Amino acid sequence: MTGTRIAALGHYQPAKVLTNHDLAAIVDTSDEWISSRVGIRTRHVAGPDEPVDELAAQAGAKALAAAGLTPADIDLVLVATSTAVDRSPNTAARVAARLSMGSPAVMDLNVVCAGFTHALATADHAVRAGSAARVLVIGADKMTAVTDWADRSTCVLVGDGAGAAVVVADETAGEPGIGPVLWGSVPEMGHAVRIEGTPSRFAQEGQSVYRWATTQLPPIARKVCERAGLAPEDLAAVVLHQANLRIIEPVAQKIGAINAVIARDVVVSGNTSAASIPMALSKLVDRGEVESGAPALLFGFGGNLSYAGQVIRCP
């Protein structure tokens, strides 16, 4: 059975930036209130003419270019999103059309904030099983489209964007490019993070999510490292779902990755749901903060109170 690796990454964010001071003009909040509670200072906001599939296609095109591949080289497109408006054509199909691909298989995965790590594992499994050779994996969400801008507990959190990875077969000896996934959920607590109703609106039980994330997730993340045959101190980077700086920092500390760069893209991008992990990882790689081949823990968590994580080797 062949192995897999991430050949390249790409990310995309809309041009419009919304600061905390901008938010203070439309809801009862302040820069100090937001920064002290969630650590976010800015977020990018897509316009009405920028649907989720456009964000996804932009990130996907950048990843393909970085990998030296053409759209026709891809035989499977996986898009993790929970904010697509239409059910059919799905987002993956629209991305394939925008990029003028050949005839790839196209699937959307809705695991909300853990969507990208679920999709990455699915790509890894597909290549290992021989049902795909080159997979474009995208996390993309337009969270501002499902936001109640009168609710200061949630509107200060969200941003829009997309991140993408090209997954290919890797038959070289040595450490696996994409390690084994560890995934699961807490179905009885699924109500703690919701995008429900007509029109759909994002809501969450913030304290319940905070307690679950900071107490239950660190030991699971350490097990992800065990499955990859690494100790937490061997990690070069930790890229958690960019939910909230007050969750990211204590979880990262409890994992014990004392030598790792900790992704804190949430500060400038907000919570972009399925886009947050690939976008943060792509930026770390672009800035040269992690070396090619260095081990990074990716760990998504959130909606459905789902989680999924794996250790990857950076492209």
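Each remark here, short or long, concerns the structure printed above.
This write-up is about the structure you can find in this document. (Residues numbered from 1 in each chain as written. Predicted model: local features only at pLDDT ≥ 70, side-chain atom pairs only at ≥ 80, totals over all residues. Heavy atoms only, no water.)

Before going further, it helps to examine unusual backbone geometry. If a residue is not glycine, its phi is most likely negative; likewise, a peptide bond is most likely trans. Note the cis peptide between Ser88 and Pro89, where omega equals 0 degrees. If you trace the backbone, Pro89 turns up in the loop between strand 4 (76-80) and helix 4 (91-98). With omega at 0 degrees, the peptide bond leading from Thr198 into Pro199 counts as cis. Secondary-structure assignment places Pro199 in the loop between strand 9 (193-196) and strand 10 (201-204). A positive phi angle, near 55 degrees, is found at Ser273, a position not held by glycine. Tracing the backbone shows Ser273 in the loop between helix 9 (266-269) and helix 10 (276-286). Ser273 gets classed as buried once you look at its relative accessible area, which sits at 0%. Residues other than glycine seldom take positive phi values, yet Asn304 does so here, at roughly 70 degrees. (Helix = DSSP H or I, 4+ residues; strand = E, 2+ residues; numbered from the N terminus. Buried < 20%, exposed > 50% of the residue type's maximum accessible area, 1.4 Å probe, protein only.)

The next subject is the nonpolar core. Core analysis: the largest hydrophobic core is formed by 49 residues, its most contacted members being Leu235, Leu240, Phe299 and Phe301. Within the residue set of this core, elements represented by two or more residues are helix 2 (31-38), helix 7 (206-227), strand 11 (237-240), helix 8 (245-255), strand 13 (295-302) and strand 14 (306-313). The biggest single contributor to this core is helix 7, with eight residues. Excluding its chain neighbours within four sequence positions, the residues that come into contact with Phe299 are Thr117, Leu217, Ile220, Ala221, Val224, Val239, Leu240, His241, Ile277, Tyr307, Ala308 and Gly309. One finds Ile6, Phe116, Ala119 and Ile277 within the second-largest nonpolar core, a separate group that totals 31 residues. (Core = buried A, V, L, I, M, F, W, Y, C linked by side-chain atoms within 4.5 Å. Contact = heavy atoms within 4.5 Å.)

A few words now on the sheet that holds strand 11. A sheet is described by the order of its strands in space; here five strands give the open sequence 8-14-13-11-12, paired in mixed fashion. The open sheet has two free edges, formed respectively by strand 8 (182-185) and strand 12 (261-262), since each of these has just one partner strand. Direction of pairing for strand 13 relative to strand 14: antiparallel, over a ladder of eight bridges. Pairing of Gly300 across the sheet is with Ala308, part of strand 14. Strands in contact with helix 7 are strand 8, strand 13 and strand 14; relative to strand 13, the strand with the most contacts, it is inclined by about 145 degrees. (Pairing = 2+ DSSP bridges. Axes fitted to C-alpha atoms, helices over the stretch in contact; angles between N-to-C directions.)

Geometric values such as these leave the question of function open.
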